[in-house]
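# An overview of the molecular structure
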Amino acid sequence: MGLFRRKTEMISESDALPGRDRPMALDDRHHVLGRSMKPPYPADSAEVLLGLGCFWGAERVFWQLDGIHVTSVGYAGGYTQHPTYEEVCSGRTGHTEVVQVVYDPQRLPLDALLARFWESHDPTQGMRQGNDTGTQYRSAVYTPAGQALQIAEASKRRYQVALTAAGLGTITTEIRCIPAYYYAEGYHQQYLAKNPAGYCNIGGVGVTCPGAASGAAQVPA
């Protein structure tokens, strides 16, 4: 019970693992889209980091959408520099597993992107997602400051109204400005494209996000 409690409680910065000064080596070519996962990105693109449980299935949700430039998976929201997957899973980094989404806001408005985010998981579960338990599975939206942050907060309010009407709970999603983002190890990137039968825990609660074009178009297979 004590171990379970520690995994679901955020660690303090003073108790977090220190990590390392340099990033791990990474082949930055996206396995599906063929583009570099690292900047520089197109001048007209935008970025958001989304945490919705295990990032293997979460990344696939977004690389399929029309208007996506590139995706990657990594760690954000905590304290440890350039952490390893094992360190994040220990609960001693403060990070959550996230998908970095670089997209064209003219083709895929942030509202529509966030609607897909809300509808693809249960944002009321706190420090877990389904059977995956721990601070690294918490729901999160990290956006640039300003209008994007306001759009995220408004989207959350709309979805809460819909969840309440459906008799469901209170959203626990963490929404704030983009923190430092650390790429996950190469074998995690586009995992389900490389391992089609791999574990995927993505699934929503069946409630549509109102007030946005939630049916973001998918790239034809």
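This report concerns the structure included in the present document. (Residues numbered from 1 in each chain as written. Predicted model: local features only at pLDDT ≥ 70, side-chain atom pairs only at ≥ 80, totals over all residues. Heavy atoms only, no water.)

## Some remarks on the sheet that holds strand E2 (residues 68-76)
Applicable threshold: Pairing between strands is defined by DSSP: at least two bridges between the two strands are required. Here a strand is any run of E in DSSP of at least two residues, a helix any run of H or I of at least four, and the numbering for each starts at the N terminus. Here, axes are lines fitted to C-alpha atoms. For helices the fit covers the stretch in contact, and angles between N-to-C directions go from 0 to 180 degrees. The contact criterion used is simple: two residues touch if any of their non-hydrogen atoms lie within 4.5 Å.
Spatially, six strands are ordered E7-E6-E1-E3-E2-E8 in an open sheet, and the strand pairing comes out mixed. On the outer flanks of this sheet lie strand E7 (174-177) and strand E8 (181-183), each paired with one strand and no other. Sheet twist, expressed as the mean angle between neighbouring strand axes with direction ignored, is 30°. Relative to E2, helix H2 (residues 55-63) is tilted by about 160°, and along the sheet it contacts strand E1 (46-51), E2 and strand E3 (96-103). Contacts between helix H5 (residues 147-165) and the sheet are confined to strand E6 (140-143) and E7, with E7 contributing the most and set at about 170° to the helix.

## Digging into the pattern of salt bridges
Test applied: In what follows, salt bridge is the name for a side-chain nitrogen of Lys or Arg lying within 4 Å of a carboxyl oxygen of Asp or Glu. Relative accessibility under 20% of the residue-type maximum defines a buried residue, over 50% an exposed one, and the middle range a partly exposed one, all with a 1.4 Å probe and only protein chains included.
For the structure shown, the criterion picks out five salt bridges. Among the ionic pairs, Arg20 bridges to Glu87, the shortest N-O distance being 2.9 Å. Placement of the pair is Arg20 in the loop between helix H1 (2-7) and E1 and Glu87 in helix H3 (residues 85-89), with a sequence separation of 67 residues. A relative accessible area of 29% places Arg20 in the partly exposed class. Relative accessible area serves as the criterion here: at 17%, Glu87 is assigned to the buried category. A salt bridge links Arg158 to Asp111; the shortest N-O distance between them is 3.0 Å. With Arg158 in helix H5 and Asp111 in helix H4 (residues 110-119), this residue pair connects regions lying 47 residues apart in the sequence.

## Description of the pairing of E7
What counts here: Handedness rule for crossovers: strands pointing away from the viewer, path from the first strand over the helix to the second running clockwise, crossover right-handed.
Two elements, E6 and E7, share four bridges in a ladder whose sense is parallel. Among the inter-strand pairings, Val141 is bridged to a residue of E7, identified as Ile175. Taken together, E6, H5 and E7 constitute a β-α-β crossover, and its handedness is right-handed.

## What about the side chain of Thr93?
The line we're drawing: Two N or O atoms count as a polar contact when they lie within 3.5 Å, although within protein this holds only if one can serve as hydrogen donor and the other as acceptor, and sequence-adjacent residues are included solely when both atoms are side-chain atoms.
Mapped onto the elements of the fold, Thr93 is located in the loop between H3 and E3. What makes Thr93 buried here is its relative accessible area of 0%. Within the structure, the side chain of Thr93 is placed 3.1 Å from the backbone nitrogen of His95, a separation counted as a polar contact. Contact partners of Thr93, with chain neighbours within four places excluded, come to Ile11, Ala16, Leu17, Gly78, Tyr79, Thr80, Pro83, Glu87 and Val88.

## Some remarks on the state of the cysteines
Filter applied, for reference: The definition used for a disulfide is geometric: two cysteine sulfur atoms within 2.5 Å.
Under the counting rule described, the total for this entry stands at zero disulfides. Looking at the unpaired Cys89, the closest cysteine sulfur is the one in Cys54, lying at 8.9 Å. Assessed through its relative accessible area of 22%, Cys89 is described here as partly exposed.

## Some details on H5
Definition in use: Expected span of a helix, by definition, is 1.5 Å for each gap between consecutive residues, and there is one gap fewer than residues.
Between its terminal C-alpha atoms H5 stretches 27 Å, which fits the 27 Å expected from 19 residues at 1.5 Å a residue. Residues of H5 that are buried include every one of Ala148, Ala152, Ala154, Ser155, Tyr159, Gln160, Ala162 and Leu163, and no others. The secondary structure elements touched by the buried residues of H5 are H4, E6 and E7. Count one or two residues on from H5 and you reach Gly167, which has phi positive near 80°.

## Regarding the side chain of Glu59
The condition that has to hold: Counting rule for charge: Lys and Arg are taken as positive, Asp and Glu as negative, and neither His nor the chain ends is counted.
For Glu59, the position within the fold is in helix H2. The side chain of Glu59 is buried and forms no salt bridge, while Lys194, the nearest opposite charge, is found at 7.8 Å. In contact with Glu59, not counting residues within four places along its chain, are His30, Thr71, Ser72, Val73, Val99, His188, Gln189, Gln190 and Tyr191.

## Quick notes on the packing of H4 against H5
The test is simple: The labels follow the angle: roughly parallel below 35 degrees, roughly antiparallel above 145, roughly perpendicular from 65 to 115, and oblique for the rest. Crossings are sorted by hand: turned counterclockwise from the far helix by less than a right angle, the near helix makes the crossing left-handed, and turned clockwise it makes it right-handed. Asp, Glu, Lys and Arg are counted as charged, while Ala, Val, Leu, Ile, Met, Phe, Trp, Tyr, Cys and Pro are counted as nonpolar; the rest, among them Gly, fall into the polar class.
Remark: H4 packs on H5, axes separated minimally by 10 Å, with the N-to-C direction vectors making an angle of 45°. Overall, the two elements H4 and H5 adopt an arrangement that is oblique. In this structure, the crossing between H4 and H5 has a hand that is right-handed. Side by side, H4 and H5 meet where Leu110, Asp111, Leu114, Trp118 and Glu119 of the first sit next to Ala148, Ile151, Ala152, Ser155, Lys156, Arg158 and Tyr159 of the second. Here the residues of the contact of H4 with H5 sort into seven nonpolar, one polar and four charged.

## Digging into H4
Among the ten residues that make up H4, eight are buried, leaving the element largely enclosed by the rest of the structure. The complete set of buried residues in H4 reads Leu110, Ala112, Leu113, Leu114, Ala115, Arg116, Phe117 and Trp118.

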